[in-house]
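Single-letter residue listing:
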Amino acid sequence: TRPSSRSGGELGGAWSYPGCGKPPHPTAASRKNHPRPQVVGIGVVTGEPAQPRVAVFGLGGTIAMAPSAHGGVTPSLSAQQLVAAVPGLAETGIAVEVVDFRRLPSASLDFLTLDELRTAIEEALDRGVTGVVVTQGTDTIEETAYLLDLRHRHDAPVVVTGAMRNPTMAGA
């Protein structure tokens, strides 16, 4: 598709795309339903500071699904539970900060939530985290990765990952 307009000369200028403004600024009303996330656990393998330090942000989605009392599955596993289930992680010498950011199906993520996630990632990187992993559902994983790529200002890597099967299924 072509952009809506172009300013400047034939070889120069800037493209203008409709609807590509900044996401809405977080409001106090939105924060009532989603309080500021807190770091819920730090796993350090040795008594000395481990390098690198990685922050894992859990958003929910299939990767965090567990059976519900009403049948089916819901995103109910915490980010700490996901990290604890990774075999061999404790032997790597990597310090892991776990942030239970949200527990939502990825189709329920909106621009406000993703902008709050981006801000929390930037704050973690400003504190000295050397990389970030975001776990979420696969329905909107590309959109999350794209938004974070556009707005990311650090050199540190941000990896967005998910799962097509919930942890209770074979091969998950």
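Residues numbered from 1 in each chain as written. Predicted model: local features only at pLDDT ≥ 70, side-chain atom pairs only at ≥ 80, totals over all residues. Heavy atoms only, no water.

K.L.:
Looking at this model, I keep getting lost on the overall build of the protein. Mind explaining?
P.N.:
Looking only at helices and strands, the protein has four helices and nine strands in total. Scanning the protein from its N terminus toward the C terminus, one meets helices and strands in the order β-β-α-β-β-β-β-α-β-α-β-α-β. Buried positions account for 35% of the 172 residues belonging to the protein. Contacts in the protein between residues far apart in sequence, at least 24 positions, make up 72% of those at least 6 positions apart. Within the structure as shown, the protein displays about 10,400 Å² of accessible surface, and the carbon and sulfur contribution to it stands at 56%. (Helix = DSSP H or I, 4+ residues; strand = E, 2+ residues; numbered from the N terminus. Buried < 20%, exposed > 50% of the residue type's maximum accessible area, 1.4 Å probe, protein only. Contact = heavy atoms within 4.5 Å. Areas by Shrake-Rupley, 256 points an atom, 1.4 Å probe, with all protein chains shown as cover.)

K.L.:
Whenever I open this one, the pairing of strand β8 (residues 131-135) confuses me. Can you help?
P.N.:
In terms of burial, β8 is a largely internal element, four of the five residues being buried. Two strands pair when backbone bridges link them, and strand β4 (residues 53-60) and β8 are joined in this way by five bridges, in the parallel orientation. Each bridged residue has a counterpart across the sheet, and for G58 the counterpart in β8 is T135. Bridging between β8 and strand β9 (residues 158-161) involves four bridges; their strand directions are parallel. Bridging across to β9, V133 finds its partner in V159. Note that the unit made of β8, helix α4 (residues 141-151) and β9 has a crossover that is right-handed. (Pairing = 2+ DSSP bridges. Right-handed = clockwise from strand over helix to strand, strands pointing away.)

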